[in-house]
Each structure stands twice: as C-alpha cells, then as structure tokens.
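Reading the structure
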Amino acid sequence: MAPLVCLLILMLTTWSNAEGPPSPGYSPSSKFSPVGFNQGLRNLWGPQHQSIDQGALTIWLDSNSGSGFKSLKPYRSGYFSAAMKLQPGYTAGVITSFYLSNQEDYPGYHDEIDIEFLGTTLDKPYTLQTNVYMKGSGDGRLIGREVRFHLWFDPTKDFHNYAILWTPDEIIFLVDDVPIRRYPRKNDATFPARPMWVYGSIWDASSWATEDGKYKADYRYQPFIGRYKNFRLVGCDTDSAASCQPPSVSPSSAGGLSQQQRSAMEWVQKNSVVYDYCHDSKRDHSQIPEC
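Below or above, wherever it landed, is the structure these notes cover. All of these numbers come straight from a predicted model, not from anything done at the bench. (Residues numbered from 1 in each chain as written. Predicted model: local features only at pLDDT ≥ 70, side-chain atom pairs only at ≥ 80, totals over all residues. Heavy atoms only, no water.)

Checked against the element boundaries, Tyr-221 lands in the loop between strand 13 (197-204) and strand 14 (224-237). With near-sequence residues (within four places) excluded, Tyr-221 lies in contact with Gln-87, Tyr-90 and Leu-122. (Helix = DSSP H or I, 4+ residues; strand = E, 2+ residues; numbered from the N terminus. Contact = heavy atoms within 4.5 Å.)

Structure (structure tokens):
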C-alpha cells in the first residue's frame, strides 16, 4: 500500500501545482486601458520582420534577422505590460522579450529591467527569466539579478499578460496579474533610477539562452515568431510634472502588495521558481549585497 499512497500523493501534488496560484484578489491590468502598437511604440530594427494587424504586433526571427521595437518616449516610472504568445516547438537559443532599458542613452553604463523567455528544446518548458541591471552591471562583466520561472501554464497556447511595475521604491513583475517577484529598493547602488524606454524583441542568443548555450538556434525550424497585443504604458514619462506619481498594482493607492497578493506570490516562489541568484552559492555575494 505504501508505494500506492506515495504515488497518489505525488499525483495530487502535481495536479495542485498545475492548477496555478491562488487568486491575487486584484486585477491591475483591468484598471489601465490598452493601446495599439502605433499609439505608443515603433519599430527599432528588423522592420521587414514585423507586421501589425489591428494594433497587434507579430515579430519573427529567421536566419537573416530578428526584430525589435521601442516606446515613443522614455519613462521615469510606471506600469508596462503586453499580452504575449510564444512559438511552440524547438526554440532553443531564441529570446522573446519585453523590457525597460536606457542602453542607447548610457552605452556601457546602462540600467535594465527584463522579462525574457528563454527558448527551449522539444521536451522541456519555456523558462521565464526576470532580471535587473543598474549602472552598468549589464555591461562588460555581467552582474545579473536573475530569477527564473517555469510557469503554471503553457505560454504557447494562448496570450497571457506580462507586466513590470517600476516605482522609486520597488519593482514588481506580474503574470496575468499575479505578482511573481518583488525587488525592493534597499539602497541607491542596487536600484535603477534613471529614465528608461520600453522595448521588446526576438533575437538569437544561442551563446547562453538555453542551458548556458548547450542548445543553439536551429534555423530548420524558422521562422521563430513572437506575438504581442494589449500594450499598456502607464506612468510618468520624462515630460510629466515632477509631482507625477506612478500607478499602483495593489488595491491600495499607496503601493506595495495586499496580503492576498503576497500569498499568491509566495505560491509562485514556492512552486515555480527554478533559479534565484540570491541562492546561488557560485555567485560572489559581495556584488549582490541586497541578498
């Protein structure tokens, strides 16, 4: 009986995890109106690998080029999101991303907040990587602050909403309104504070994207396609008054997260995180004092 009981417990645990996190009790994405691509963004590179249909964007990578886009203006803070649908099948080496950066303004010494999907092989799920760079930690000798997830759903089956809240006090990453990671401002040296633009792209990162470069992009499977819609760009741009305040993703206008949101995030941290830089014994922790 013991083996049967163990098997039953394992099946129930797997089923429970597949159900996903508890409700966060609040839907910030429903509070902000989406905009079409041309209302808030523009092509940055690879225009021949981009198409727009009724405000929705498709970009793709083949052996000739990938494609990327950029917001029409930079922001000091805000809520930034897009609904994304990923390519199924073999996508090793391919990055599909949505992120904030000021790399063009501060080359070699930039800030960045990333949502990146790391392509995968046929037998493994996508990895969602969140990352934060500041003041050149993403240039030269990289000092990343990566937390990676295997999500509770298949991101190739449908569109899902991926969001970044960036305020002067914290960064919160959300998936379908569920907070998955909070990065608080503990000191000025470990927090990005300069204005950033919103970007997205699909590109070949074979040198590192999939199992540290073990599996490369295979262009027999091209084109690799990323789909985006329902863009939300809500915040304080660089032309806003100094008194402008960033939006909140919690029921409280004061920011932070509610207890119900924190409970949902704790579920994700327990069940979906597959790598956390703070728990990596190979890292030099003198370079990541916030841990």
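Still to come is the rest of the account.
Once that is clear, we can look at the pattern of salt bridges. Under the criterion given, the structure shown has nine salt bridges. Put simply, Asp-237 and Lys-73 hold a salt bridge, and the shortest N to O gap is 3.2 Å. Placement of the pair is Asp-237 in strand 14 and Lys-73 in the loop between strand 4 (67-71) and strand 5 (75-85), with a sequence separation of 164 residues. Using a relative accessible area of 11% as the deciding quantity, one classes Asp-237 as buried. Looking at Lys-73, the relative accessible area reads 38%, which means it is partly exposed. Residue Arg-182 pairs with Glu-170 through a salt bridge whose shortest N-O separation is 2.6 Å. Of the two residues, Arg-182 sits in strand 12 (residues 178-184) while Glu-170 sits in strand 11 (residues 170-175), which places them twelve residues apart along the sequence. Overall, Arg-182 belongs to the partly exposed group, its relative accessible area being 39%. (Salt bridge = Lys/Arg side-chain N within 4 Å of Asp/Glu carboxyl O. Buried < 20%, exposed > 50% of the residue type's maximum accessible area, 1.4 Å probe, protein only.)

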